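# Report on the structure
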Amino acid sequence: MTKAFLSGNDAFAEGVRLARPQVISIYPITPQTTVVERISEMVEDSSLKSELIHVESEHSALSCAIGASAMGARTFTATSSQGLLYMAECLPYASGGRFPIVMMNANRSTALPWNIYGDQRDSLSQLDCGWIQVYVEDAQESLDMALQSYHIAENPLVSTPVMVNLDGFVLTHTYETVEIPSQTDADRFLPPFQTENKMSLDNPKNLAFSVGPDNNMEFKYLQHKAILGSKRIIEETDAKFAEIFGRSYGGLTQGYRLDDADYILITLGSITGLCREVVDELRERGEKVGLLKLRFLRPFPSDDLVAALGSAKAVGVLEKDISFGYEGTVYTNVNSVIAKNGLRLETYNFIAGLGGRDISRENITAIFRHLQTGGQHVNFIGLGVTIDD
Amino acid sequence: MTKAFLSGNDAFAEGVRLARPQVISIYPITPQTTVVERISEMVEDSSLKSELIHVESEHSALSCAIGASAMGARTFTATSSQGLLYMAECLPYASGGRFPIVMMNANRSTALPWNIYGDQRDSLSQLDCGWIQVYVEDAQESLDMALQSYHIAENPLVSTPVMVNLDGFVLTHTYETVEIPSQTDADRFLPPFQTENKMSLDNPKNLAFSVGPDNNMEFKYLQHKAILGSKRIIEETDAKFAEIFGRSYGGLTQGYRLDDADYILITLGSITGLCREVVDELRERGEKVGLLKLRFLRPFPSDDLVAALGSAKAVGVLEKDISFGYEGTVYTNVNSVIAKNGLRLETYNFIAGLGGRDISRENITAIFRHLQTGGQHVNFIGLGVTIDD
Amino acid sequence: MSKPYLRHYQKPQKLSDYPLGTASEAGYLVTKNCGWRNERPIIVTSECINCLQCYLYCPDGVIFKTADGLDIDYDFCKGCGICEKVCPKQAIKMEVETND
Amino acid sequence: MSKPYLRHYQKPQKLSDYPLGTASEAGYLVTKNCGWRNERPIIVTSECINCLQCYLYCPDGVIFKTADGLDIDYDFCKGCGICEKVCPKQAIKMEVETND
Amino acid sequence: MIEIRWHGRGGQGAFTAAKILGAASLIDNKFSLAFPSFGPERRGAPIQAFNKIDTQAIINRSEIKACNYLIFLDDSLFSFDYLNDLKDDGIALINTATPEKFRDFSQIQTIDANLIALNIIKKPLSNTAMLGALASISDDVSLSSLQQASNQYLSATHAAKNQLILQESYDHFKEVY
Amino acid sequence: MIEIRWHGRGGQGAFTAAKILGAASLIDNKFSLAFPSFGPERRGAPIQAFNKIDTQAIINRSEIKACNYLIFLDDSLFSFDYLNDLKDDGIALINTATPEKFRDFSQIQTIDANLIALNIIKKPLSNTAMLGALASISDDVSLSSLQQASNQYLSATHAAKNQLILQESYDHFKEVY
Amino acid sequence: MTNQITAKTITDSEIFYGHKACAGCGGSLAVRIALKVLGERAISVLPAGCMSAVGFNYPHLCFSNNSIISTFAGTASMLTGVEAGARAVGIKNFKAVGLAGDGGTADIGIQALSGAIDRNDDILYICYDNEAYMNTGIQKSGLTPFGAKTTTTPSGENIHGNLRPKKNLFEIVAAHNISYAATASIGNLPDFINKIEKASKIKGTTYIHVVAPCPIGWGIPVNETIEIARKMIDCGLWYLAEYENGQFTLNKNPRDFSSIKDYLLSQGRFKHLDDADIEILAAQRDAKWAAIQKNWNTTKEEL
Amino acid sequence: MTNQITAKTITDSEIFYGHKACAGCGGSLAVRIALKVLGERAISVLPAGCMSAVGFNYPHLCFSNNSIISTFAGTASMLTGVEAGARAVGIKNFKAVGLAGDGGTADIGIQALSGAIDRNDDILYICYDNEAYMNTGIQKSGLTPFGAKTTTTPSGENIHGNLRPKKNLFEIVAAHNISYAATASIGNLPDFINKIEKASKIKGTTYIHVVAPCPIGWGIPVNETIEIARKMIDCGLWYLAEYENGQFTLNKNPRDFSSIKDYLLSQGRFKHLDDADIEILAAQRDAKWAAIQKNWNTTKEEL
Ligand SMILES: Cc1ncc(C[n+]2csc(CCOP(=O)(O)OP(=O)(O)O)c2C)c(N)n1
Ligand SMILES: Cc1ncc(C[n+]2csc(CCOP(=O)(O)OP(=O)(O)O)c2C)c(N)n1
Ligand code: SF4
Ligand code: SF4
Ligand code: SF4
Ligand code: SF4
Ligand code: SF4
Ligand code: SF4
Ligand SMILES: [Mg+2]
Ligand SMILES: [Mg+2]
């Protein structure tokens, strides 16, 4: 174990190195690029032994990873924004084929207008694609989830790709202190990849076939079931991780000062830290506020939500996302839990940080105020103009 | 006005012909192909005067349409499934650029496994992309919505692309009787396309630019607002359509026997007809059941839902979709309305028809039973196996 | 000689009967193709010089070598008649398929 | 001669100040580029033969023809020094930029 | 509602027949749906096509399970198991040159459609003949509407000859009965 | 929490300085963040970089508004308006060859970092010198940690020379005070 | 060229078998033969298209070797992954082969193909060219020849079918300085077999473009697939050639051409062509051959 | 070749102006000159890449003509749409021009480019080649030359930078039987200007591949952009040529080459190359020129 001062991307690259992927396909896009740059350096200096493939696009990056995974190789790729959308066709391909690829996504706004800054519309717009989606908060969690993700994805009961999301710039490009585990510990944590879902000369297979109306729905159900079932594997993985590395993240969600909280803010990704600070501040003033960080968006942590929100008066969802013509997608997802479970509480949506707009401490404080006093359901935070017409 | 015996795709092509798009980009994919085949014939025989462009992929199909729209030309393209995903990058591009392109999507399952049959996972997985999404029920509505969509999309207050979804095969390839309006009436209904959002030699513009954190969120808000605002335009369009053609669809949703209904089934697309029959049957037996067809998924018809569901005891959402690791996306969207408005009713999700699985009358009857007696929230309808493990 | 062959197939009865992912045994046939056939190729052994043109050009690969010449796997022959066309000796005759 | 030029820009105050779509007036500049510059090209008119090499090769197009030769738009010159390099007559000198 | 299933090989025109039948019902002021079945098989493989015909608009698009008519464009496609798919008073209509094989089955009607087609268009294209036969044995569609409708789906030259086929196959049963 | 903003041109190494500073705080057993600002401008354009330093983990990633230190790698980037961005006891540290211009402002400290760098590495690369200066005028980072940290971001040859620059710029202020 | 593998010596094993292609399908013959040459250790990647559609219908799986369907655009990139993955997990003596249609190769798949050649990945890419998007029902692709009627280039009063010439894919691929590229035809299987055999032994990217008529799309009787493929060569609208070491070689140098009109008018897709159209095609052919004769190596053997 | 537009006669208007490119950026010079030749009626389409990144930052918009950013993969297809749309709405006398980087052209954009050429759409596509993905910070593209160090092909003990030769894009485009294609360099603007002028008058797809060094990515002082571009031609690693009517023509036929080593070692990206590496590049160059001299028309004029 060593400590280093690394960016979120650097840290993720270290995690990838420790996971020993055998085939890596790379294509640059801001703000993902430094990950693949670090990995290129690792391959050059042999600290990572892997087939490094300079593909010609993101569609090819994921196609290549699928091909490699179909041979039973552990694979990695990374993307962001336009790149994620350019490979969109391959997303349900990888998940439907149950290839446990790990992909990092640097959350970035999508065009139009063009914008290289961080928001979460890219990955959230592809929430239905059958991947497990993780959102991490800081560089340490980035590194740790690079490792954990392989452990989750490759579990034969899961066998599903994992997308790890890092907020663009505020996480990908922010340097901070990170503990880097030793390779020995990493190897202890993560066994080599084994699967039945692959080609082999001894036991030839036909893969990625068609399935007509007769059997198709069963394949889809199996996929659904595997992701639902991954909840348990995610928790087991975290526990094993804690045992070896002494760090733990609590599974699908991570609560903060939730006991007796009347007003709960739900967050994902790197904004969580600031929100925790505000919670502390308000708690100090005696306000019963709490925070629930969603770490996984798929599988969706329904049970955790019910447990956390059961006795709250109001809940807010803060997200860097908007599903145009409705509301933020995370909010929609959270509301569904509330409706299904007949929870009686007000819910509010705070759309913030689109296109990289800063989210300030004042914004968060105001959000808690809104939770307490009530108001509009869907709120755009930090709009710089009067909404005049 | 003439009557003809046409498939859903044929009917849609007739609607496109009447709308006189100036540039059309085409690329084949089952079950969309016959639309572009009909259109090719129309261009060949000059019944449609348009630039017909044989592009090399769907990404190019929509890129091409965007380019043409940026010149102020009315444009059309069509796709399905893998094609929709292959052009995913261009979807928020077109909507963020506010290009009022009309695109037909033949709803088809997405790989893996490969499957050419109808389900709605393709378009529903791209619900957040900023397009207006319509789902039609029969061939007549297909034709009519081809026309109406241009009227909605091109309204300067909307200026947003519209995706019209036809269930694969059961609608696209099923032949039925359709009224084809006269060109004169169509022209009376749909004025030529005019916009400020285009290039011009007299008033040169720079388009599709970058917008940094300073202003980006405002552009996103404007987009959101335009789609929300389109609700009114959609209703006005339908009213004008009714005036000229004598057919009307009721805007965002279409209710059926909702008065005093305790148990309401929400549907979209071509399954609606069968559900109506079952409602009639059950009503005849004195059961208080009703149906709400969602015509538009974006803008999401929140108000209509509140009005329709206000006094119901239970509501079911029937969709050919699953967001793996959670539930059907339409269900999630509906539940959000319920949570926000504090409606007290049970909600159930019926995932059916994945990969083209037939949905039978018995299935629908059982669904209404489930609504009445209660049970699991999320239900896969018509699975052919025991769920043993 | 090996090739994909016909299996007795039973639709999965439970979820665990399905494969993991979309990976299943290679070369696993469950239906015949003879329903395609309107005409049936018959090799007239006496005319055949064993030049193997028919064997080579059959799109379905259903002509196979035997100890004493060639035979046809009628389960999978579609009756296209290409073998007849490529035979330099007119040693293949296409006969109208009977229904039994 | 026309070119994009500097405008007085005020950030939109209300939503209606924003354009429809992502389409805005072509050639609309709101900030200068002189902040780039460490060195300032000076045309020594007496040496200049008006061969226009500097004009042609300036990546930023900031050298422009005047009635009596050439001038430089220092608002947008980045001080790259290409003009100095391509000048066949050493008629352009790069001077260290002062801060005022 | 009348439900019909067509059996043919790809390229034999089963679906074209279904479309003509649907268009004919329109002329008869009825409502109908016509739809194909789809699969990976190509030209030559057995396929099915479907019709639903009713006096009121048909809004149920689910699969047809029990049929009023099962029509086989080619007797090699027929198997006796299919008779289970017939409604109680349903009829299987088979194109065959060997009607004797089916004689014992009251639910089966046969016609040598190939022969009729061969005589008129020199090709064993049985689909129109089967339509004529259907018009003849059922009250659910009229010959004249079929004649009118078939023009929409066929080029002028083909259409004329098909009129003859329709007529002849229609007459075939009228004679029989 | 100490908040620092660096002003430089792309290529002047403002962000590298911020990273070295961050790494140095790690050695000091403090916590810190270092992050760049991003924009479409390229090499040569003015850019900013940021540090947050604290004795406890920093979990707030929002923008820095008021700074403890504003550091200008080049006096051409400075404008007096920036002094508004300083916290009450904040200091602006400017690399300049003309300190007299800034003499009247108590919030401003100057150093001729270019000169120091020119002497040692023959290039006017001011970033390390500004780090040394910062160590000198503030208690928030130690020179030894900066020296250790700079090795991580620089090749061996560069690192050695940078040690000298760090030392010299550090001494510069120690002398002044 | 001496045949190394012949009908006598080629493996008896059938690797692509029981598939649901139309009777007389040229593409299925191309795939069948390619896999017979490459053997059971070939790992094949097929994009969406007729051959994957007819071969991979769970549970009916028609490849006895390891095979996978790729996305339509992703043949070459998945092939790259398969090859790298196989090496990474220690598999030896295998050949990664792509088997893709003309549309999947020349249009939507060209980005990935170009990228793989650029990396010189150790793969063999075979394009079976049936001159249209057949799986979706005969639409124009970049390899549809001038004049051909397809469902998206209908022929009628106004337009006589496809107005654009066939994309020059073999030479586009060659221009990448590929290790080896060749044209072939299912009308001449010995030649095709040799080229596969040769390509399979070269380390680096290799490409074979094999014309494989589709009786449905071309409008010919199902038993004429081979014949039409041969006519296409004989009339000069296709040629058998190789590219190696920066050099083009013509394998068969016809003394003169058979009737182009005969070739065209025996197909439904060209039936509408008038003499002027045919002249255009003949002129295109002659220009092509003039360039070939000028710039390529031509073998002595004139056929 | 006689210059038709010269520094004297070219429009005084600056169409690409006030942009945020690095000082000394070759790409911005290429775009500036191209638009000066084409004039205000040009409609430009630029994909993601340095030139769009530095020119289109709302509200700071640096093109005085109608211009639009396309998706990274979509330059040519959007260009097709722009051209068709302009015609459809009745605009006359315009030229639709694409201005795309090497990565956006040779890698992710090649599908769309190939399709547009195949349709022979009436567009001009200019690839400004700075030999890497520069906007994202210098990553290897298909047009990165052998040996170059980039952030994804680092040079070190194990690997000496990029191991693959530069993709032969000009000839790949030419192999499409394009109406007109040319290579150019910002080191020789008169030649570049002529070629733009010529291309703009041709109906159908035309392509110009202009080398435009990036001082940042190449590791040279910002004032040496033009010089390095000239050295690249002089040492034979670039050539000025045209393709028209199926024929390649070399525009400048150097009698002998200046030092390739000098060209390489003056750049940061090649500093790590040893003599063996340089030998490889020299051999590649010599092989290329041998083929050029053999197969292409060469002008009399030897420079
Ligand atoms: C992204 C995408 N677009 C379209 C399709 C639909 N599609 C599947 S196969 C096919 C035609 C393939 O044509 P070709 O490659 O020539 O092969 P062929 O069918 O002729 O054998 C098409 C258009 C698809 N699967 N994916
Ligand atoms: C689909 C997609 N992938 C990746 C990117 C990120 N990206 C934007 S510009 C760029 C580099 C462009 O390189 P090139 O085309 O050579 O132009 P240059 O920047 O060198 O001018 C990349 C990788 C993107 N915008 N879209
Ligand atoms: S008829 Fe066709 S499928 Fe049958 S053996 Fe002959 S060539 Fe093969
Ligand atoms: S082609 Fe004819 S002669 Fe030759 S092996 Fe076949 S049947 Fe015998
Ligand atoms: S220094 Fe550079 S930007 Fe300035 S005028 Fe000279 S060439 Fe143009
Ligand atoms: S290059 Fe030199 S001589 Fe020529 S015009 Fe410019 S300054 Fe004058
Ligand atoms: S359509 Fe053509 S290519 Fe496709 S399977 Fe049938 S014959 Fe073969
Ligand atoms: S990085 Fe290179 S190509 Fe990009 S703007 Fe700077 S100099 Fe130009
Ligand atoms: Mg094809
Ligand atoms: Mg580049």
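Look up: the structure comes first, before these words.
I will try to describe carefully the structure that is included in this document. (Residues numbered from 1 in each chain as written. Chains lettered and ligands numbered in written order. Predicted model: local features only at pLDDT ≥ 70, side-chain atom pairs only at ≥ 80, totals over all residues. Heavy atoms only, no water.)

## Things to note about the coordination of the magnesium ion (ligand 9)
All names here are of chain G. The protein atoms donating to the magnesium ion (ligand 9) are Asp102 (OD), Asn130 (OD1) and Ala132 (O), with metal-donor distances spanning 2.0 Å. In primary sequence terms, the donor set of the magnesium ion (ligand 9) follows D-x27-N-x1-A. When its relative accessible area of 6% is taken as the criterion, Asn130 is described as buried. (Donors = N, O, S within 2.8 Å, 3.2 Å for Na, K, Ca; no water. Buried < 20%, exposed > 50% of the residue type's maximum accessible area, 1.4 Å probe, protein only.)

## Observations regarding the coordination of the magnesium ion (ligand 10)
All names here are of chain H. Listed as protein donors to the magnesium ion (ligand 10) are Asp102 (OD), Asn130 (OD1) and Ala132 (O); their distances from the metal cover 2.0 Å. The sequence pattern describing where the donors of the magnesium ion (ligand 10) fall on their chain is D-x27-N-x1-A. Note that Asp102 is positioned in helix H4 (residues 102-107) and Ala132 in the loop between strand E6 (123-129) and helix H6 (169-174), a separation of 30 residues in sequence. Across this residue pair, the class does not change: Asp102 and Ala132 are buried. (Helix = DSSP H or I, 4+ residues; strand = E, 2+ residues; numbered from the N terminus.)

## Overview of the site of ligand 2
Lining the immediate surroundings of ligand 2 are 24 residues, of which A:Glu58, H:Gly103, H:Gly104, H:Tyr128 and H:Asn135 lie closest. Residues lining ligand 2 come from chains A, B and H. One nitrogen or oxygen atom from the side chain of A:Glu58 is found 2.6 Å from a nitrogen atom belonging to ligand 2. H:Gly103 is positioned such that a nitrogen or oxygen atom in its backbone is 2.9 Å from an oxygen atom of ligand 2. Those elements that provide at least two residues to the shell around ligand 2 are helix H4 (81-86) of chain A together with H4 of chain H. Here the shell around ligand 2 gets three residues from one element, more than from any other, and that element is H4(H). (Near = heavy atom within 4 Å. Polar contact = N/O pair within 3.5 Å; in protein donor to acceptor, adjacent residues only side chain to side chain.)

## Re the arrangement of the chains
By contact count, the leading pair among the 18 pairs of chains in contact is chains A and B. Left apart from each other, chain C and chain F have a closest C-alpha approach of 40 Å. (Contact = heavy atoms within 4.5 Å.)

## A few points about the interface of chain B and chain A
In this assembly, 85 residues from chain B lie in contact with 86 residues from chain A. For the pairing of chain B and chain A, the buried interface totals around 7100 Å² over both sides, and the portion due to carbon and sulfur atoms is 59%. Our enumeration of links across chain B and chain A arrives at four salt bridges. Of all the elements in the fold, those that place two or more residues in the side of chain B that touches chain A are helix H4 (81-86), helix H5 (90-96), helix H6 (121-124), helix H9 (216-245), helix H12 (329-340) and strand E15 (346-351) of chain B. Looking at the side of chain B that touches chain A element by element, the count peaks at eleven residues for H9(B). (Buried area = accessible area lost by both parts, 1.4 Å probe. Salt bridge = Lys/Arg side-chain N within 4 Å of Asp/Glu carboxyl O.)

## Let's talk about the relation of the copies chain B and chain A
Superposing chain B onto chain A takes a rotation of 180° plus a shift of 0.0 Å along the axis, which leaves an RMSD of 0.0 Å. Taken together, the turn and the small shift mark the pair as related by a two-fold rotation axis. Mapped onto chain A, 100% of the interface residues of chain B are again interface residues, and the two copies thus contact each other with one and the same surface. (Least-squares fit on C-alpha atoms with pLDDT ≥ 70 in both.)

## Considerations on the interface of chain D and chain B
Chain D puts 14 residues into the contact, and the matching count from chain B is 20 residues. Buried area between chain D and chain B, summed over both chains or domains, comes out near 1400 Å², and the portion from carbon and sulfur atoms is 66%. Considering only the side of chain D, the residues that lose the most area to chain B are D:Leu15, D:Leu20 and D:Thr22, jointly responsible for 44% of the buried surface there. Connecting chain D to chain B are zero salt bridges. Taken together, chain D and chain B are joined by six residue pairs in polar contact (both at pLDDT 80 or more). By residue class, the composition of the side of chain D that touches chain B is eight nonpolar, four polar and two charged. Here strand E9 (residues 205-207) of chain B runs beside strand E2 (residues 23-25) of chain D; their pairing, made up of three bridges, is antiparallel. Within the sheet, the bridge partner assigned to B:Asn206 lies in E2(D) and is D:Ser24. (Nonpolar A, V, L, I, M, F, W, Y, C, P; charged D, E, K, R; others polar. Pairing = 2+ DSSP bridges.)

## What to know about the packing of aromatic side chains
The geometry of an aromatic ring pair comes down to the distance between the two centres and the angle between the two planes. Per the stated rule, a full pass over the model turns up 79 aromatic pairs over all chains. Judged by centre distance (6.0 Å) and plane angle (80°), the rings of A:Phe209 and A:Phe219 are edge-to-face. Of this pair, A:Phe209 sits in the loop between strand E9 (205-207) and helix H9 (216-245) while A:Phe219 sits in helix H9, and the two are ten residues apart along the sequence. Assessed through its relative accessible area of 0%, A:Phe209 is described here as buried. When the ring of F:Phe78 is compared with that of F:Phe102, the centres are 5.6 Å apart and the planes differ by 85°; the resulting orientation is edge-to-face. Of this pair, F:Phe78 sits in the loop between strand E4 (67-72) and strand E5 (86-95) while F:Phe102 sits in the loop between E5 and strand E6 (108-111), and the two are 24 residues apart along the sequence. Pair check on accessibility: F:Phe78 and F:Phe102 agree, each one buried. Through pairs of rings, three or more aromatic residues link up here, namely G:Phe170, G:Trp238, G:Tyr239, G:Tyr243, G:Phe248, G:Phe257, G:Trp289 and G:Trp296. Of note, C:Lys3 hangs over the ring of C:Phe64, and the distance from its end group to the ring centre comes to 4.9 Å. (Phe/Tyr/Trp six-rings, centres within 6.5 Å; stacked < 30°, edge-to-face > 60°. Lys NZ or Arg CZ within 6 Å of the ring centre and 35° of its normal.)

Functional significance is not addressed by these values, which are geometric in nature.
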